[in-house]
Amino acid sequence: MMKENNKNERIQKIISNYGSYSRREIEKLIKDKLVKIDGEIAKLGDKANINSDIRILNKKLTLNLKQEYYVLNKPKGYICSRVDEKNKTAISLINNYKNKNIFSIGRLDVNTTGLLIITNDGYLSNYITLPKNKIRKTYLVWYQKKLTKENIFNLKNGIKIDENYITKKLANLKVIDNEKKFVIRITLIEGKNNQIKKMFIALENKVINLKRIQIEDLKLNSLEIGKYKKYSKQEIYNFLNVRENKNEA
Ligand code: URA
């Protein structure tokens, strides 16, 4: 049992310092009762210190020195959780994933395809998901029926979704085919839950297919569905325009 006077840091903070998990991941792991401090299930806000025996999914927390970066072209039918007993996870498409503490940065819905970054770099994950960093994410959207000029104006400038939320101006919108195939390319600087689907529902339209093709300057290019490409830290930070000395989450 740990001595009370040794408990001087919140468990979320300690785990975060190891760099393997994003803040959101850590909170979920704790809520799912998958974190133990000295043999006891941890609760959010519990305190510990670096000498505590901290275990995640029964694996002792160790400093993760080697950072890994993968860009996956996520297929339909895969979810973006780290552990799920019923569904196929996107992470499981990475070779040897069980021996790596990897997770996806942000989420794509189960039926959304395209660019997903998978890593063990908690700093990068926090950086990309922090709203104030306004990270640009580009999607191809196939929708059900022709958009009117007003629809396009509203998509660009803001649409009410959820109870009280108006979407931010898009960084870009390009109509690719509004006559036959109904395809548009949009770039968002935010990422609310199911945002694009909700935007189209608000226009009394419907998303048929959704594919993320770019985050900042990182492109999916011709990566085949279900395949991934490994990047170095330098490459990925450059493509994502990450500044390491700022916006510490
Ligand atoms: N917007 C959505 O509706 N779904 C996604 O997967 C991503 C953005």
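The rules behind each value
Residues numbered from 1 in each chain as written. Predicted model: local features only at pLDDT ≥ 70, side-chain atom pairs only at ≥ 80, totals over all residues. Heavy atoms only, no water. Near = heavy atom within 4 Å. Polar contact = N/O pair within 3.5 Å; in protein donor to acceptor, adjacent residues only side chain to side chain. Areas by Shrake-Rupley, 256 points an atom, 1.4 Å probe, with all protein chains shown as cover. Helix = DSSP H or I, 4+ residues; strand = E, 2+ residues; numbered from the N terminus. Nonpolar A, V, L, I, M, F, W, Y, C, P; charged D, E, K, R; others polar. Buried < 20%, exposed > 50% of the residue type's maximum accessible area, 1.4 Å probe, protein only. Arc of directions from axis to C-beta. Contact = heavy atoms within 4.5 Å. Core = buried A, V, L, I, M, F, W, Y, C linked by side-chain atoms within 4.5 Å. Domains from an automatic or database assignment. Phe/Tyr/Trp six-rings, centres within 6.5 Å; stacked < 30°, edge-to-face > 60°. Lys NZ or Arg CZ within 6 Å of the ring centre and 35° of its normal. Pairing = 2+ DSSP bridges. pLDDT = per-residue confidence, 0-100.

Trainee: Go over the site of the ligand, please, and point to the residues and values.
Mentor: Within the structure, the ligand sits among Leu-108, Asp-109, Thr-112, Tyr-139, Asn-194, Gln-195, Ile-196, Lys-197 and Leu-210. Asn-194 is positioned with one of its backbone polar atoms (N or O) 3.3 Å from an oxygen atom of the ligand. Burial of the ligand by the protein chains amounts to 94% of its free accessible area of 240 Å². A total of three residues in the shell around the ligand trace back to one element, the largest contributor, which is helix α5 (residues 195-202). Taken together, the residues of the shell around the ligand sort by class into four nonpolar, three polar and two charged.

Trainee: Could you give an account of the environment of Phe-153, naming the residues involved and the relevant values?
Mentor: With respect to the helices, strands and loops of the structure, Phe-153 is situated in helix α4 (residues 149-157). Of the residues examined, Phe-153 reaches a relative accessible area of 53% and is grouped as exposed. Taking the C-alpha atoms as reference points, Phe-153 and Leu-173, separated by 20 residues in sequence, lie 9.8 Å from one another.

Trainee: Account for the environment of Tyr-165, with residues named and values stated.
Mentor: With respect to the helices and strands, Tyr-165 occurs in strand β14 (residues 165-166). Along the chain, Tyr-165 and Leu-210 lie 45 residues apart, while their C-alpha atoms are 22 Å from each other. Of note is the side chain of Tyr-165, whose polar atom sits 2.3 Å from the side chain of Glu-190.

Trainee: I'd love a proper account of helix α2 (residues 23-31), names of residues and values included.
Mentor: Residues of α2 that are buried: Glu-25, Ile-26, Leu-29 and Ile-30. Mapping the buried residues of α2 onto a view down its axis gives an arc of 130 degrees, with all of them on the same face. The outward face of α2, more than 90 degrees from its buried face, is lined by the exposed residues Arg-24 and Lys-31. Residues of α2 that are buried make contact with α1 (11-17), β2 (35-37), β5 (54-56) and β10 (103-104). After α2 finishes, the residue Lys-33 shows a positive phi value of roughly 60 degrees.

Trainee: Could you give me a rundown of the nonpolar core, with the residues and numbers involved?
Mentor: Ranked by size, the top nonpolar core spans 32 residues in total, and within it Val-141, Leu-155, Ile-184, Ile-196 and Phe-200 carry the most contacts. Built from parts of two domains, this core gets at least three residues from each of domain 2 (69-131 + 219-248) and domain 3 (136-215). The residues contacting Leu-155, other than those within four sequence positions of it, are Leu-147, Leu-170, Leu-173, Ile-184, Met-199, Phe-200 and Leu-203. Residues Ile-117, Ile-215, Ile-236 and Val-242 belong to the second largest nonpolar core, which totals 18 residues.

Trainee: Tell me what's going on with the packing of aromatic side chains, and back it up with residues and numbers.
Mentor: Using the criterion set out here, one finds six aromatic pairs in the structure. Aromatic side chains Tyr-69 and Tyr-237 sit 6.3 Å apart centroid to centroid with 85 degrees between the ring planes, which places their arrangement in the edge-to-face category. On the criterion of sequence distance, the pair formed by Tyr-69 in strand β7 (residues 69-74) and Tyr-237 in helix α6 (residues 233-239) is long-range, its members being 168 residues apart. Just as Tyr-69 is buried, Tyr-237 falls in that class too. Over the aromatic face of Tyr-165 sits the side chain of Lys-192, whose NZ or CZ is 4.7 Å from the ring centroid.

Trainee: So, the sheet that holds strand β3 (residues 40-41): which residues are in play, and what are the values?
Mentor: Read across the sheet, four strands follow the order β3-β2-β5-β6 without closing on themselves; strand pairing throughout is antiparallel. Sheet topology places β3 and β6 (59-60) at the edges, where each strand pairs with a single neighbour. Judged from the two bridges that link them, β2 and β3 form a sheet pairing that is antiparallel. Following the sheet pairing, Lys-36 is matched in β3 by Ile-41.

Trainee: Summarise the confidence of the model for the protein chain; cite the residues concerned and give the values.
Mentor: Looking at the protein chain, the pLDDT average stands at 90 and 93% of residues meet or exceed 70. A low-confidence stretch, residues 1-5 (pLDDT under 50), is modelled with seven contacts involving residues beyond four sequence positions or located in other chains.

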